[in-house]
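Structure at a glance
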Amino acid sequence: MTSAYLLALTLVAFLSVAAHLVLDSVINEQLNSANVLHVAGQQSMYPQRITYSAMEYVEGGDPEARERLEDAIKSFRRNHTFLMTGGFNSDTFFELSTSVRDVYYGTSQDFDRRTRQFIAAAEKVASTKDPEALLYLRTEARKNMLNLAETVARDIAMEANARIERLRAIQKCVVVILLLTLALEGVFIFRPLVRRIVLYATRLYEHATRDPLTGLLNRRAFFDFATRVQSASRRYNHAFSVIMLDIDHFKKINDTFGHDKGDDALRLLARILNENLRESDIVARMGGEEFVIALPNSDGRGATIVAESLRKRIEETAEKDVPRFTISVGVTEKIAVQDTVERMLKRADDALYQAKRGGRNRVQMYEAAPVPPPTPVPSEPPAVT
Ligand SMILES: Nc1nc2c(ncn2[C@@H]2O[C@H](COP(=O)(O)OP(=O)(O)OP(=O)(O)O)[C@@H](O)[C@H]2O)c(=O)[nH]1
């Protein structure tokens, strides 16, 4: 189960990382596309700008016009290199698609060669004011460069959108797979795991509160439950009694029939107690062959009737293969508002001791030792006259 749990966590972690990476790619792709589109858009503008600057420079000889021309040539060449090489650095790498590549290198359009020729003519104008080169620029800018640059920008935009859509679809798939995996793991791994944990916790609780031989509450659990009942009885001023009982001559049973038969007798006693007491009564094995019962809402008289009926039922029980036995019982009731479970157990134990001393197989209600009568004070002898 632990390895399944680890596998499940690993799978979820793997899918989460995959979803993150795809999302990262979408964002990168968007940034990259935005950058490339920006550059591609600029490229459709530069041939015009170069041509105007070249005309200004040739016609007016203005050195500032030449500077503008040179700047425009530089930017145009830089952008061209950017688009042809996939960017200035590896982070913004953008591979030309087949259709864009066709525009650049295809025999019909050959945008790459045209661009290089355009740049060469512009440089010639900048350095020599060559009129033929200027004419070439004017014709080419109007006829081919603008159209081709716009075609490239449009194709790149379409390619970028298609790529982003593809990545988004992959991202959606990964998220769906992640959710499905979580749902399946919830059903097949986490739910059984939680069930098992609950089962272990229940078993642990049973171990901590139950006597393994009889299945009855153990001493500690009895104190917990009985103390709660006692507190309630004090608050609502209800009656509350405690019975303590012990198998008579149990040592002899063990010695005569063996320890296993002694255990059978203890189990039988536990069963009889469970079967003949109310659901609200608290029955526990205190240790050895000693058992205790807390009876909420029962006074001493009621508890004595219960004890007597248990004693009689046990005396009469004859189970195959289980030695017959009798019990002695001590009974006490709450005698003061502040009475505690410990004090009541002590009194029940005293009453049990009296039952044993009284001959066993009997029920004894706790009786406080009689207060000795006050010793008479010797009276003064009458004065002799
Ligand atoms: N089979 C079995 N015997 C147990 C268990 N716990 C305690 N005993 C035995 O119970 C016996 C208790 O003996 P005693 O305390 O002398 O009491 P008794 O023989 O019942 O005598 P009285 O109580 O005076 O009637 C001892 O022999 C213990 O070994 C148990 O879980 N199983």
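Residues numbered from 1 in each chain as written. Predicted model: local features only at pLDDT ≥ 70, side-chain atom pairs only at ≥ 80, totals over all residues. Heavy atoms only, no water.

In plain terms, the rule: UniProt positions are given in the numbering used here, feature names are shortened, and annotations may be inferred rather than shown by experiment.
In the nomenclature of an unreviewed UniProt entry, the chain corresponds to diguanylate cyclase from the organism Noviherbaspirillum pedocola. Note on the chain: under the UniProt heading Subcellular location (unreviewed entry), the record states "Membrane". The heading Catalytic activity (unreviewed entry) in the UniProt record of the chain holds the text "2 GTP = 3',3'-c-di-GMP + 2 diphosphate".

1. Some points on the packing of aromatic side chains
We count it as follows: In this scheme Phe, Tyr and Trp rings, the latter by its six-membered ring, pair at centre separations within 6.5 Å, and the angle between planes marks the pair as stacked below 30 degrees, edge-to-face above 60, and tilted otherwise. Labels follow the DSSP assignment, with helices taken as runs of H or I lasting at least four residues and strands as runs of E lasting at least two, numbered in each case from the N terminus. Relative accessibility thresholds used throughout: buried, under 20% of the residue-type maximum; exposed, over 50%; partly exposed, between the two (1.4 Å probe, protein chains only).
The tally for this structure, following the rule as stated, stands at three aromatic pairs. Ring plane angle 55 degrees and centroid distance 6.3 Å describe the contact between Tyr46 and Phe76, whose orientation is recorded as tilted. Remark: Phe76 occurs in helix α3 (residues 63-85) and Tyr46 occurs in helix α2 (residues 46-60); sequence separation between them is 30 residues. Just as Tyr46 is buried, Phe76 falls in that class too. Judged by centre distance (6.3 Å) and plane angle (80 degrees), the ring pair of Phe222 and Phe223 falls under edge-to-face. You can call Phe222 buried: its relative accessible area is 0%. Members of the aromatic cluster, each reached through a chain of ring pairs, are Tyr46, Phe76 and Phe118.

2. Some points on the UniProt feature "transmembrane region" (unreviewed entry) in the chain
When the UniProt feature table is mapped to this numbering, "transmembrane region" (unreviewed entry) covers residues 174-194. Secondary structure across residues 174-194 comprises 100% helix and 0% strand; the distance between its end C-alpha atoms is 27 Å.

3. Focus on empty space enclosed by the protein
As a reminder of what qualifies: We place a 1 Å grid over just the protein atoms. Points where a 1.4 Å probe fits but has no way out form a cavity, open points with protein on both sides within 12 Å along at least 5 of 7 lines form a pocket, and any residue with an atom within 4 Å of a point lines it. Grid points are joined across faces, edges and corners, and a volume is the space filled by probe spheres set on the points. Amino acids are sorted into nonpolar (Ala, Val, Leu, Ile, Met, Phe, Trp, Tyr, Cys and Pro), charged (Asp, Glu, Lys and Arg) and polar (every other residue, Gly among them).
With the rule as written, the count across this model stands at one cavity of 30 Å³ or more. Taken as a whole, the largest cavity encloses approximately 40 Å³ of empty space. Every residue lining the largest cavity is listed: Leu268, Ile314, Thr317, Glu319, Val322, Pro323, Arg324 and Phe325. Here the residues of the lining of the largest cavity are counted per class, giving five nonpolar, one polar and two charged.

4. Concerning the site of the ligand
Spelled out, the test is: We define proximity as follows: a residue is near a molecule or strand when any one of its heavy atoms falls within 4 Å of that partner. Definition of a polar contact: a pair of N or O atoms within 3.5 Å, with one able to donate and the other able to accept a hydrogen when the atoms are protein atoms, and with sequence-neighbouring residues admitted only if both atoms are side-chain atoms. Using a 1.4 Å probe, accessible areas were evaluated by the Shrake-Rupley method; residue-level cover was limited to the displayed protein chains.
The environment of the ligand is formed by 16 residues, the closest being His249, Phe250, Lys251, Asp263 and Arg285. Ile247 places a polar main-chain atom, nitrogen or oxygen, 3.1 Å from an oxygen atom of the ligand. Between the ligand and the protein, one listed contact pairs a nitrogen atom with a backbone N or O atom of His259 at 3.1 Å. Coverage of the ligand by the protein amounts to 67% of the 660 Å² it exposes when considered alone. At the level of elements, β1 (240-247), α8 (250-257) and α9 (259-276) are the ones that each hand at least two residues to the shell around the ligand. Looking at the shell around the ligand, the element that brings in the most residues is α9, giving four residues.

5. Here we look at the nonpolar core
Under the convention used in this document: Nonpolar cores are built from buried Ala, Val, Leu, Ile, Met, Phe, Trp, Tyr and Cys residues. Side-chain atoms within 4.5 Å join them into one set. We call two residues contacting when some pair of their heavy atoms lies within 4.5 Å.
Ranked by internal contacts, the top residues of the largest apolar core, which has 36 residues, are Ile50, Leu69, Leu83, Phe111 and Leu137. Taken together, the elements giving at least two residues each to this core come down to α1 (2-43), α2, α3, α4 (98-105), α5 (111-128) and α6 (131-209). The element contributing the most residues to this core is α6, with 10 residues. Discounting residues that sit within four places of it in the chain, Leu69 has contacts with Ile50, Ser53, Ala54, Tyr57, Ala122, Val125 and Ala126. One finds Leu216, Phe250, Val283 and Val363 within the second-largest nonpolar core, a separate group that totals 28 residues.

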